[in-house]
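# Inside the fold
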Amino acid sequence: MFSLSPLLMTSNLQQLPLGISEFSKLRESGAIYVDKTEVICDNARTPGDMIYIARPRGFGKTLLLSTYESLFSRGSGDLRALEGVGIWKLRRVHRIVRLDFEAFCGSPDAESFEERFDSSIVDAFSRHGFRLSDGDRRPPLLQISDWLSSFRTHEFVLLVDNYDSPWLESLEDKARLGRVRAKFFEFCRMIGSAEKVFRFACFTAITQIPLWDMFEFLHHLTTMSDAALVCGFTEKELRENFGEWLDRAMEHGMWFGMDQLLEGLWRRYGGYQFNNGCRRERLYNPFSILSFLANPEYGFEDHWVRAEPRPRLVASLIQRAFRETAGAVCAGNLWYIDYVDYISPEPALRILTEMGYLTLRKKDCLKSIVDYPNTEARVSMARELSRVLLNGIKPADYGIPTTAEEREFSLVDDIVLIPKFLELLRDSGWQPRNHRQAVGMLVTLLLTYGFNEDRDVIEYQKTCCPILRIQRLTQIQEFELSFVDASGLESSCWSEGCTLSAVPDASLMIDYIGCPRRTEFFPADSNSTFR
């Protein structure tokens, strides 16, 4: 998690756990803890188990690792009044080896990385009595392997945080990535050769990039099947644990009830799904939720995106995704083949999905279908996709307000703005192949320039006549979309020389009483067409 603020509280509310990633400290502070100890304890009951859990940053992986450290060092001491207290029985205290592979990042070259890697591993095991032999010229990790073999069964517990950080740092440098992979081989070989001395091991990461290499050496390694239950907040957990904070948020916003607030939070910070088994769970981003609850008076801000530690990597991956999908990533609802191939690079869509910018919708054998989880991730990707899409073209040259503030003060109607965006899209040189892709590119530009995603609901309805719907507060403007060929005739399919047309179809008003509902209908002039 992130250390933005140590303890956030108001006079009458229980503290928010924002910034607290140590389980014992969280329990001592009295801050809110979303109780997941039943699942956590259950996953560590079998001696010799090793688990690998990959989730986006900000989903509580460090807190999970700290919980295991508490369980194996303090027993059930921190579990008072929690579900796991009746499950966890610690027969003896174990030697805890805790590593954070994020500490290996930032090395100027591969040689420095290897030196820092070996030094940190040696330091971690030195706390339990290991010493490098002056006369032994073997690699340090091989010496540790021999030293571990002298211990009795299940003496150690291994906890590794941010396991894939060095991989992500080297993803754009193939030569360095090869050196990183070789060093990870060495580490896994060391652990695998002394597997019997480990009572339990847990590896947390953002992606599964290094996972398949690990299976070669760690025969008891598995992915955490019910990880969705321990990383991320469900709607039920929000209501049960943060009810008073949600009530406080409603006092600072325009929400007419708890359901409407939660729906807004879901659209903005929710939408995550990590496997088919948890399809029905509505999972929210914990970091964004806690950040919002701490300061609801500022509305829905980009908390999680703003804290991204690898913006250059994310931008590079989004650009790759645009090229790999020929622009179809703008529309979302994509698929990729989930396979292991160390010759060709990992599909950008897969890495973006594991990093949390996309999310799984369905998985069928090797085919994974992914989409945008929420507007926070959608808008952040739209900004980078627009740079690729426009390739230096300036929207201001087309009379388009470039920020939400400029759009508010310009008082330009959507009926005037949409044709400007269509002209901008046409001049970009990209030719959408179908309505869905065309709307995806158009919406990408709308979200990047001038449309406030907190107030503007942009939807695409695929009916007999595809409809683009833009909702601003209590007003809705609909546009009927079609392709127009060189002769000016409308076509339902794209062909060479076609341009996208948007005809104003309807203007609606909404009355907000709990949930939106239509109250009036105003037919628009059906003869006005924009290309």
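## Topic: the nonpolar core
Tyr 68, Ile 121, Tyr 163, Phe 187 and Phe 203 are the most contacted members of the largest nonpolar core, which totals 160 residues. Of the residues forming this core, the biggest block, 8 residues, is contributed by helix α19 (residues 435-448). Residues within four places of Ile 121 in sequence aside, it is in contact with Leu 99, Phe 101, Phe 104, Leu 141, Ile 144, Phe 187 and Met 190.

## Quick look at helix α3 (residues 61-74)
Its 14 residues place the ends of α3 20 Å apart at the C-alpha level, agreeing with the 20 Å of an ideal helix rising 1.5 Å per residue. Taken across its 14 residues, α3 has 11 buried, putting it largely inside the fold. Those residues of α3 lying buried are Lys 61, Thr 62, Leu 63, Leu 64, Leu 65, Ser 66, Thr 67, Tyr 68, Ser 70, Leu 71 and Phe 72. Packing partners of the buried residues in α3 comprise α1 (23-29), α2 (37-42), β1 (49-54), β2 (95-100), β3 (156-161) and β4 (198-205).

## Quick notes on a nonpolar patch on the surface
A grouping of Trp 335, Ile 337 and Leu 366 is seen on the molecular surface, where their side chains present a nonpolar patch of about 310 Å² in accessible area. Its location among the elements puts Leu 366 in the loop between β9 (359-364) and β10 (367-371).

## Quick notes on the packing of aromatic side chains
Per the stated rule, a full pass over the model turns up 37 aromatic pairs. Between Phe 292 and Phe 300 the ring centres are 5.1 Å apart and the planes differ by 50°, which places this aromatic pair in the tilted class. We classify Phe 292 as buried; its relative accessible area is 0%. A connected cluster of aromatic rings, assembled from ring pairs, spans Tyr 52, Phe 101, Phe 104, Phe 113, Phe 117, Tyr 163, Trp 167, Phe 184, Phe 187 and Phe 203.

## Comments concerning the pairing of strand β8 (residues 334-337)
Side chains Leu 334 and Tyr 336 project from β8 onto a buried face, and the interleaved Trp 335 and Ile 337 project onto a face without burial. Strand direction decides the pairing type here: β8 and β10, joined by 4 bridges, are antiparallel. What sits directly across from Trp 335, in β10, is Ile 369.

## Quick notes on the environment of Ala 328
Assignment of secondary structure puts Ala 328 in the loop between α14 (311-324) and β8. On the basis of relative accessible area, Ala 328 is assigned to the buried category, the value being 16%. Spatially, the C-alpha atoms of Ala 328 and Met 441 are 8.2 Å apart, while their sequence positions differ by 113 residues. Those residues in contact with Ala 328 that lie beyond four places of it in its chain are Leu 334 and Gln 437.

## Here's the deal with the pattern of salt bridges
A full pass over the atoms with the stated rule returns 29 salt bridges. The partner of Glu 324 in a salt bridge is Arg 320, with the nearest N and O atoms 3.4 Å apart. Separated by 4 residues within a single helix, Glu 324 and Arg 320 lie in helix α14, roughly one turn from each other. Linking Glu 354 and Arg 350 is a salt bridge whose minimum nitrogen-to-oxygen distance equals 3.4 Å. Highlighted residues: Glu 354 and Arg 350, both in helix α15 (residues 348-355), separated by 4 residues, approximately one helical turn. For the pair Glu 354 and Arg 350, a shared accessibility class is recorded, and that class is buried.

## Some words on unusual backbone geometry
With phi around 65°, Ala 81 is a residue other than glycine that occupies positive phi space. On the secondary structure map, Ala 81 appears in the loop between α3 and β2. At Ala 326, a residue that is not glycine, the phi angle is positive and equals roughly 55°. Summarising the element assignment, Ala 326 is placed in the loop between α14 and β8. A residue is classified by how much of its surface remains accessible, and Ala 326, at 46% relative accessible area, is partly exposed.

## Here we look at helix α5 (residues 140-148)
Here α5 has its buried residues at Leu 141, Gln 143, Ile 144, Ser 145, Trp 147 and Leu 148. Lining the buried residues of α5 we find α4 (110-126), β3, α7 (174-193) and β4.

## Brief notes about the packing of helix α11 (residues 258-269) against helix α12 (residues 286-294)
It is at 10 Å that the axes of α11 and α12 come closest, and there the two elements cross at 130°. Considering their axes alone, α11 and α12 lie oblique with respect to each other. α11 and α12 meet at a crossing whose hand is right-handed. Residue-level inspection shows Leu 261, Leu 265 and Tyr 269 of α11 in contact with α12, the latter providing Ser 288, Ile 289 and Phe 292. Split by residue class, the contact of α11 with α12 holds 5 nonpolar, 1 polar and no charged.

Conventions and cut-offs
Residues numbered from 1 in each chain as written. Predicted model: local features only at pLDDT ≥ 70, side-chain atom pairs only at ≥ 80, totals over all residues. Heavy atoms only, no water. Core = buried A, V, L, I, M, F, W, Y, C linked by side-chain atoms within 4.5 Å. Buried < 20%, exposed > 50% of the residue type's maximum accessible area, 1.4 Å probe, protein only. Helix = DSSP H or I, 4+ residues; strand = E, 2+ residues; numbered from the N terminus. Contact = heavy atoms within 4.5 Å. Expected span 1.5 Å × (residues − 1). Patch = residues over 30% accessible without salt bridge, like charges linked within 9 Å, V, L, I, M, F, W, Y side chains within 5 Å. Areas by Shrake-Rupley, 256 points an atom, 1.4 Å probe, with all protein chains shown as cover. Salt bridge = Lys/Arg side-chain N within 4 Å of Asp/Glu carboxyl O. Phe/Tyr/Trp six-rings, centres within 6.5 Å; stacked < 30°, edge-to-face > 60°. Pairing = 2+ DSSP bridges. Axes fitted to C-alpha atoms, helices over the stretch in contact; angles between N-to-C directions. Parallel < 35°, antiparallel > 145°, perpendicular 65-115°, else oblique. Left-handed = near helix turned anticlockwise from the far one by under 90°. Nonpolar A, V, L, I, M, F, W, Y, C, P; charged D, E, K, R; others polar.

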